[in-house]
Amino acid sequence: MAGHGIIRRYREFLPVESDTPIVSLNEGNTPQIETRNLVNALGGGFHLFIKFEGLNPTASFKDRGMTLAVTKALERGARIIVCASTGNTSASAAAYAARAGMTCVVLIPEGKIAYGKMAQALIHGAKTLEVRGNFDDSLELVRELGEREEIEIVNSINPFRIQGQKTAAFEVCDDLGEAPDMHFLPVGNAGNITSYWLGYNEYRNSGRTSSLPRMMGWQAEGAAPIVRGEIVKYPETVATAIRIGNPASWEKAVRAAEESSGTIDCVSDEEILDAQRMLARTEGIFVEPASAAGIAGIVKSHSLGVIPEGSRVVVTVTGHGLKDPGVAIENAKSKSTVVNPDLTSVLYAIGLG
Ligand SMILES: *Cc1c(COP(=O)(O)O)cnc(C)c1O
């Protein structure tokens, strides 16, 4: 059942009944790609696997939680789903609401959403509101809306989001045949690191694996409340998907890092953009800036000697690079060349003239 969505594949681990009306776009079952070029570029010494979550139906991992959140909302008879979003949650909510025949309302910070994500919310027909404020302001409004009976909140404060997202850890273990030694990923609202830690623990407790990875979470320097130990009132980073000043799952994320002997640290926007470009150039994998934070975390950890020789490392790249073409074109640091329509001009332009 690997191709039929995460609820059918992992239903024994999820809160669904035999007659639950499943809303799915066949999410999950994403590729886990071993990346030797990147490791060699860093000087070698460990095995790196990229869990490419940008290949979900709406091009981010958010679909794993959304399939379950929307399924449960439909099951209880809600008609409207609502979320605050830096972009990917709204893209996913809009698509799954369309699939379920429900109304979707998304609140996004004015002017701060990547172009591709805005396109997704609009094309799927979500009522899209730009709030004159940041993500945290939007989430506060959503909490108030959620008190109405007919409305279901599908932000990661919805417990089913975490339940659905934990299936990514199951897939990592199923693919590797065991849990990895370390798991790197970006941290925004901290729902995903919480989900992976839950998933790894459930798999070990069920006897499918025998160990747990160290959880290595990465915030952006300008939006690093967990690292600094205080709310960041005006978070700023090029990685808009992790531009969060007051994470919803803050304590759970800290616990995941502590219990696993891992860490939550931060990387600069420059390190994030360098990592995005490096991954695209060395491996042919194009991710959005927030996803590159985990890659930047690997670069940093490797340079500090934190990754043990021979260890098996997994990094989740959370969203596809096409979500944010504007940043990519800037960050490519190369431009197209206009040529005359003759071979001499073309040869000259590619350095063979
Ligand atoms: C949502 C998101 C994150 C952050 O995940 P959290 O669960 O909020 O920590 C990172 N990258 C991308 C692409 C996302 O969409």
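Residues numbered from 1 in each chain as written. Predicted model: local features only at pLDDT ≥ 70, side-chain atom pairs only at ≥ 80, totals over all residues. Heavy atoms only, no water.

Here's the deal with the packing of aromatic side chains
For step 1, the next point in the chain: Counted according to the given criterion, the structure contains six aromatic pairs.
For step 2, the next point in the chain: Plain terms: the ring middles of Phe184 and Trp218 are 6.2 Å apart, the flat faces sit at 0° to each other, and that makes the pair stacked. Of the two residues, Phe184 is situated in strand 7 (residues 182-186) and Trp218 in strand 8 (residues 214-220); the sequence distance between them amounts to 34 residues. Each member of the pair, Phe184 together with Trp218, is buried.
For step 3, the next point in the chain: Counting every residue linked through ring pairs, the aromatic cluster contains Tyr10, Phe13, Phe170 and Tyr203. (Phe/Tyr/Trp six-rings, centres within 6.5 Å; stacked < 30°, edge-to-face > 60°. Helix = DSSP H or I, 4+ residues; strand = E, 2+ residues; numbered from the N terminus. Buried < 20%, exposed > 50% of the residue type's maximum accessible area, 1.4 Å probe, protein only.)

Structural notes on the sheet that holds strand 5 (residues 127-131)
For step 1, the next point in the chain: One open sheet accounts for four strands, arranged 5-4-3-6; its pairing is parallel. A single partner strand is all that each edge strand has here, and the edge strands are strand 5 and strand 6 (151-153). Pairs of neighbouring strands in the sheet enclose a mean axial angle of 20°, with direction left out of account.
For step 2, the next point in the chain: Across five bridges, strand 3 (residues 80-84) lies against strand 4 (residues 103-109) in parallel orientation. Within the sheet, the bridge partner assigned to Ile81 lies in strand 4 and is Cys104.
For step 3, the next point in the chain: The strands that helix 5 (residues 115-123) touches are strand 4 and strand 5; relative to strand 5, the one it contacts most, it runs at about 140°. (Pairing = 2+ DSSP bridges. Axes fitted to C-alpha atoms, helices over the stretch in contact; angles between N-to-C directions. Contact = heavy atoms within 4.5 Å.)

Remarks on the sheet that holds strand 1 (residues 32-34)
For step 1, the next point in the chain: With mixed pairing, six strands are arranged side by side in an open sheet as 1-2-10-7-8-9. Each edge of the open sheet is held by one strand with a lone partner, namely strand 1 and strand 9 (263-267). If you compare each strand with its neighbour and ignore which way they point, the axes differ by 25° on average.
For step 2, the next point in the chain: Bridging between strand 1 and strand 2 (residues 47-52) involves three bridges; their strand directions are antiparallel. Within strand 2, the position partnered with Glu34 by the bridge is Phe49.
For step 3, the next point in the chain: The sheet strands contacting helix 8 (residues 167-176) are strand 1, strand 2, strand 7 and strand 10 (312-317), and the helix crosses strand 2 at an angle near 135°.
For step 4, the next point in the chain: Against the sheet, helix 13 (residues 289-303) touches strand 2, strand 7, strand 8, strand 9 and strand 10, its axis set at about 135° to strand 7.

A look at the environment of Thr89
For step 1, the next point in the chain: Tracing the backbone shows Thr89 in helix 4 (residues 88-100).
For step 2, the next point in the chain: On a C-alpha basis, the gap between Thr89 and Gly65 in space is 9.4 Å, while along the polypeptide they are 24 residues apart.
For step 3, the next point in the chain: Setting aside residues no more than four positions away along its own chain, Thr89 makes contact with Lys62, Met66, Cys83, Ala84, Val154 and Arg161.

As for the pattern of salt bridges
For step 1, the next point in the chain: Applying the stated rule across the entire model yields 16 salt bridges.
For step 2, the next point in the chain: The shortest N-O distance in the salt bridge between Glu150 and Arg148 comes to 3.6 Å.
For step 3, the next point in the chain: With relative accessibility at 25%, the residue Glu150 sits in the partly exposed group.
For step 4, the next point in the chain: For the salt bridge of Asp265 with Lys300, the shortest nitrogen-to-oxygen distance reads 3.6 Å. (Salt bridge = Lys/Arg side-chain N within 4 Å of Asp/Glu carboxyl O.)

Considering a negative patch on the surface
For step 1, the next point in the chain: Negative charge collects at one region of the surface, where Asp137, Glu140, Glu144 and Glu147 lie side by side.
For step 2, the next point in the chain: According to the relative accessible area criterion, Glu140 is partly exposed, its value standing at 43%. (Patch = residues over 30% accessible without salt bridge, like charges linked within 9 Å, V, L, I, M, F, W, Y side chains within 5 Å. Areas by Shrake-Rupley, 256 points an atom, 1.4 Å probe, with all protein chains shown as cover. Lys, Arg positive; Asp, Glu negative; His and termini not counted. Charge placed at Lys NZ, Arg CZ, Asp CG, Glu CD.)

Focus on a nonpolar patch on the surface
For step 1, the next point in the chain: Residues Val339, Leu343, Val346, Ile350 and Leu352 make up a contiguous nonpolar surface patch of roughly 480 Å² in combined accessible area.
For step 2, the next point in the chain: Within the secondary structure, Leu343 is located in helix 15 (residues 343-349).

A word on the site of the ligand
For step 1, the next point in the chain: Not every one of the 17 residues close to the ligand is listed here, only the nearest: Lys62, Asn88, Asn189, Asn192 and Thr318.
For step 2, the next point in the chain: Residue Asn88 places a side-chain N or O atom 2.7 Å away from an oxygen atom belonging to the ligand.
For step 3, the next point in the chain: At 2.7 Å, a side-chain N or O of Thr318 approaches a nitrogen atom of the ligand.
For step 4, the next point in the chain: Considering the ligand on its own, with 380 Å² of exposed area, one finds that the protein chains cover 96% of that surface.
For step 5, the next point in the chain: Counting residues per element, the ones that place at least two in the shell around the ligand are helix 9 (191-205) and helix 13. (Near = heavy atom within 4 Å. Polar contact = N/O pair within 3.5 Å; in protein donor to acceptor, adjacent residues only side chain to side chain.)

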